[in-house]
Every structure is written in structure tokens, then in C-alpha cells.
Amino acid sequence: TTTYDAFHDVDLVIEAVPERADLKRDVFTKLDQVCPPSSILTSNTSSLSIQDLAQATRRPEKVAGLHFFHPVRAMKLVEVIPGKSTTPDTMDSCIGLVETLRKIPIRVSDGTGFLVNRLLMPYISEAAIALEEGAARAPDIEQALTEFGMPMGPFFLADNLGLDICRDVAHSFESAYGERAQAPKVFSLLCDKERLGMKAGAGFYSYGDAPDILSELVVDKKESGFSAERVVLRMINEAIHCLEERVASATDIDMAMVAGAGFPIDRGGLLHHADRVGLDTILEGLKKLESELGVRFRPSSLLQRKVQAGHIGVTAKRGFFDYT
């Protein structure tokens, strides 16, 4: 519904208005006024703070995030996010609802991007930075990553999501996580040309009469070469940061990437893939890329501690998972 007329006897509300903090806070304030005191209020936000939304109500203990993935009919994963005041009973009710819908709930901590988007953004951003540098042509970058096993190339994915959304999310990530989440220039460049993606008929690619401008998107001309490993290593490193920060468990991180982002199931998820490659090899690759491309590849401290302890993955029977 788009009116407040039907909320006098509801048990749970899922808010799904546009991704603007001021608009969502206003909706939560009004829901708090019209819903029964027992109602649970949830948001489908993909990145905004649940705690911030909860503070717009008089029932912060009954506010949580329920982040579904697009397209909802096909995607099984739902991130369930508590605010600081959310009670266990509220979380149990939210998880129960997700299971009733025959979807997969994972509990993640409240923070910019939550889990899946935080790991998916490096996929899109690093590919875009590689394109800016002239490391490879866009079709070659897309092919390298689909051959790795990703279901959709990063530029086609960005066009589907909307480049204005990618631009805003990239800048919010850079504000939250610093230099390792560097925002590509190309998103703003395309938005300035009103190429907002598939919805506008043109983005990285053209979906109608708009001209092809991919050759104009090279900004730095470093010609450093490209391989899928460059993007995958950034995703792995961010997954380890999430594990270190207790955003989610290792099992949930891998399940979220397979069920929510289409990471190839035969690789088992980002952390299982890292264990199979060898954490010493992952560390060496990140250090090499850091020296060549900058701090966004700086290895996480948890990865370094794992390697120092000899917990390098499958060959050692212990990495992010045990293999005994």
C-alpha cells in the first residue's frame, strides 16, 4: 500500500520507499503513530542505518532491517539487521517471517552496505577503475569475470542497478571505509552525461539510439593489464574485513555471496575460495597489487595473522574453515 489507512491492525511492516534517509525517517515516524504498539517496523534499505531509522520511532526495540534482493521473486537471500536496541524477540519474528517466505535469512550487523552490497561494490568499482586506467576494454573485463563464474559482468550489472545509485553508494562507501573503498570517477562522468543505465536507455552500454562512448571512459591510461584476480582479491579482502568486524560469520559470508550475489557455487563462496587458493597466495597477490595500484589492496590484519599462524587454508587443513 502507499497510504497509511490500512495499518491499524498489522503485525509487521516492511518499508520500501526510495533510498533517502530523510524520507525513510519520515515514514517510520508516521508508521510509529498509526501502527499498534506491538507492530514490528522493518526497512528494506540496502545500506542506511537501522539504528538511525529506529530513533525516528518510540519503539526502537521493535525496529529491524529486512533487506530483500532484486529480483525478489528469484533471489532467496534476505539480510536481517538489528539496530542497537532491537530485541531478540523482534529478530526471531523477522527471521521466522523470512523462513515462512521460503527464503534464506542471514543476520548481519548494522553498517554501511551491510554485507552483500559491501562485498559486491568492490566487484563493480574495481572493474570501473581498471576501465578508467585503460587496463583492458570493457568487454574483455566483463568476459574475464563471467569466465571466472560471476553471473553478470560488472558494467552490465551497474547499468541494471542504475549508475546514479552506483555513484551515490560508491561515495557513501568511500566516506565510511576510506581509501580502500575509492569511488571510481567514471560513475559521475556517465551520470553527468545523463547515462544512468538501462532505465535511461544508456549507461556503460547503449540500449537504443544513444552512441557508444566506452572509448571515452579511459581517464588515467596506465595500461596496467587486467585479470579477474584483481577484482576477486579485493572482494576477498573486504570479506575478511567483514569477518574481522563481526559483520557476519564466515559461513554466512559465503552463503550470502552465493545466494545474494551469484558468486560461483562451485567455488564455495569468497572465503572457501580463498582457502582453496591458499591464504599465503592471497596475501602475496594483495601485496603485489598494493605496490602497483595502491592502498585499496592493503591486506587485512586478520589475513596476515592467519598466514603468520600457518592457517593458510585447505593444504594446512585450517584457514577460515577447518578441513580436518
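Everything here concerns the structure above.
Parameters at a glance
- Residues numbered from 1 in each chain as written.
- Predicted model: local features only at pLDDT ≥ 70, side-chain atom pairs only at ≥ 80, totals over all residues.
- Heavy atoms only, no water.
- Helix = DSSP H or I, 4+ residues; strand = E, 2+ residues; numbered from the N terminus.
- Buried < 20%, exposed > 50% of the residue type's maximum accessible area, 1.4 Å probe, protein only.
- Phe/Tyr/Trp six-rings, centres within 6.5 Å; stacked < 30°, edge-to-face > 60°.
- Lys NZ or Arg CZ within 6 Å of the ring centre and 35° of its normal.
- Pairing = 2+ DSSP bridges.
- Right-handed = clockwise from strand over helix to strand, strands pointing away.

What follows is about unusual backbone geometry. At Arg-246, a position not held by glycine, the phi torsion is positive, near 60°. Of note, Arg-246 is situated in the loop between helix H9 (228-244) and helix H10 (250-261). Look at Arg-246 and you get exposed, because its relative accessible area is 72%. Within the chain, Lys-317 stands out as a residue other than glycine whose phi angle is a positive 65°.

Applying the stated criterion to the full structure yields five aromatic pairs. On the numbers, 6.1 Å between centres and 45° between planes, the contact of Tyr-4 with Phe-7 is tilted. With a relative accessible area of 12%, Phe-7 lands in the buried category. Ring plane angle 75° and centroid distance 5.9 Å describe the contact between Phe-173 and Tyr-177, whose orientation is recorded as edge-to-face. Of the two residues, Phe-173 and Tyr-177 are both situated in helix H7 (residues 163-177); the distance of four residues between them amounts to about one turn of the helix. Across the pair, exposure class does not vary: Phe-173 and Tyr-177 are buried alike. The residue whose ring lies beneath Arg-267 is Phe-148, and the NZ or CZ to ring-centre distance is 3.9 Å.

Moving on, we get to the pairing of strand E2 (residues 40-43). Of the two faces of E2, the one holding Ile-40 and Thr-42 and the one holding Leu-41 and Ser-43 are both buried throughout. In terms of strand pairing, strand E1 (residues 12-15) meets E2 through four bridges, oriented parallel. Paired with Ile-14 across the bridge in E2 is Thr-42. Handedness of the crossover joining E1 and E2 through helix H1 (residues 21-34): right-handed. Where E2 meets strand E3 (residues 63-68), three bridges bridge the pair, whose relative direction is parallel. Looking at the pairing, Leu-41 lines up with Val-63 of E3.

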